Amino acid sequence: MVEKLDAAGRAKLAELSGWRLVEGRDAIRRDFRFASFSEAWGFMTRVALLAEAQDHHPEWSNVYNRVEIVLSTHDAGGLSARDLRLAADIDRLV
């Protein structure tokens, strides 16, 4: 069973660039903008490979050159260390 973040874990959110808490949900979100649809799609492909390797899949949407990613761990009922790890790995892609 995956555990929700405690206060110390939540403090680590500040180390993530551009991620913010989603109002009304125990989740984090980041919006990305790219020069073109092709760049956005390529980014999503790289994120998909990371997510699959970690067996932790984001909620996301794509409109042309914009990608919105929301992370939360359903098994934990909210944010977990898995979300922070995936967010940090996604940050390294951009």
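Quick caveat: nothing in here was measured; it's all calculated off a predicted structure.

### What about the pattern of salt bridges?
Then, number 1: All chains considered together, the criterion is met by eight salt bridges.
Then, number 2: Asp26 is the salt-bridge partner of Arg10, the closest N and O atoms lying 2.3 Å from each other. Placement of the pair is Arg10 in helix H1 (residues 7-11) and Asp26 in the loop between strand S1 (20-21) and strand S2 (28-33), with a sequence separation of 16 residues.
Then, number 3: You can call Arg10 partly exposed: its relative accessible area is 30%.
Then, number 4: A salt bridge links Arg20 to Asp31, with the shortest nitrogen-to-oxygen separation between them at 3.5 Å.

### As for the nonpolar core
Then, number 1: Core analysis: the biggest nonpolar cluster contains 19 residues, and Trp19, Ile28, Phe32, Phe43, Val67, Ile69 and Ile90 have the highest contact counts within it.
Then, number 2: Broken down by secondary-structure element, the contributors of at least two residues to this core are S2, helix H2 (37-54), strand S4 (66-71) and helix H3 (81-93).
Then, number 3: Leave out the neighbours within four places in its chain, and Ile28 touches Leu13, Leu16, Trp19, Arg20, Leu21, Val22, Ile69, Val70, Leu71, Leu79, Asp83 and Ala87.

### A word on H3
Then, number 1: Here H3 contains 13 residues, and its C-alpha end-to-end distance of 19 Å stays within 8% of the 18 Å for a straight helix at 1.5 Å per residue.
Then, number 2: Lining the buried residues of H3 we find H1, S2, H2 and S4.
Then, number 3: Where H3 begins, the capping side chain belongs to Ser80, and its oxygen is found 3.1 Å from the backbone nitrogen of Arg82.

### Here we look at the packing of aromatic side chains
Then, number 1: One pass over the full model with this rule turns up five aromatic pairs.
Then, number 2: Each ring, one from Phe32 and one from Phe34, has its centre 6.5 Å from the other, and the planes form 20°; the classification is stacked.
Then, number 3: On the basis of relative accessible area, Phe32 is assigned to the buried category, the value being 6%.
Then, number 4: Each member of the aromatic cluster is reached from another via a ring pair, and the members are Trp19, Phe32, Phe34 and Phe43.

### Structural notes on the side chain of Thr73
Then, number 1: Relative to the helices and strands, Thr73 resides in the loop between S4 and H3.
Then, number 2: With near-sequence residues (within four places) excluded, Thr73 lies in contact with Val2, His56, Gly78, Ser80, Arg82 and Asp83.

### Describing H2
Then, number 1: The end-to-end C-alpha distance of H2, which contains 18 residues, comes to 26 Å, matching closely the 26 Å that a straight helix rising 1.5 Å per residue would cover.
Then, number 2: Within H2, the full set of buried residues consists of Ala40, Phe43, Met44, Val47, Ala51 and Gln54. Down the axis, H2 shows its buried residues gathered within 100° of arc, on one side only. In H2, the exposed positions that point more than 90 degrees away from the buried face belong to Ser38, Leu49, Glu52 and Ala53.
Then, number 3: Buried positions along H2 lie against S2, strand S3 (59-63), S4 and H3.
Then, number 4: Asp55 sits one or two positions beyond H2 and adopts a positive phi of about 50°.

What counts and what doesn't
- Along each chain, the written sequence defines residue order, and numbers are assigned to residues from 1.
- pLDDT decides what is reported in this predicted model: residues at 70 or higher carry local features, side-chain atom pairs at 80 or more are listed and counted, and totals for whole chains, interfaces and linings draw on all residues regardless.
- For the side-chain quantities, the full set of heavy atoms in the structure was used; hydrogens and water were omitted.
- One speaks of a salt bridge when a side-chain nitrogen belonging to Lys or Arg is within 4 Å of a carboxyl oxygen belonging to Asp or Glu.
- In this description a helix means any DSSP run of H or I spanning at least four residues, a strand means any run of E spanning at least two, and both kinds are numbered starting from the N terminus.
- Partly exposed residues are those whose accessible area sits between 20% and 50% of the maximum for their type, while under 20% is buried and over 50% is exposed, using a 1.4 Å probe and protein chains only.
- Nonpolar cores are built from buried Ala, Val, Leu, Ile, Met, Phe, Trp, Tyr and Cys residues. Side-chain atoms within 4.5 Å join them into one set.
- Throughout, a contact is declared for two residues whenever any of their heavy atoms are within 4.5 Å.
- Between the first and last residue of a helix there are one fewer steps than residues, each counted as 1.5 Å, and that sum is the expected span.
- In protein, a polar contact requires one atom able to donate a hydrogen and another able to accept it; more generally it is a pair of N or O atoms within 3.5 Å, and residues adjacent in sequence count only if both atoms are side-chain atoms.
- Working definition: a ring pair exists when centres of Phe, Tyr or Trp rings (six-membered ring for Trp) sit within 6.5 Å. Plane angles under 30 degrees give stacked, over 60 give edge-to-face, the rest tilted.
- For this quantity, the arc is that covered by the directions from the helix axis to the C-beta atoms.

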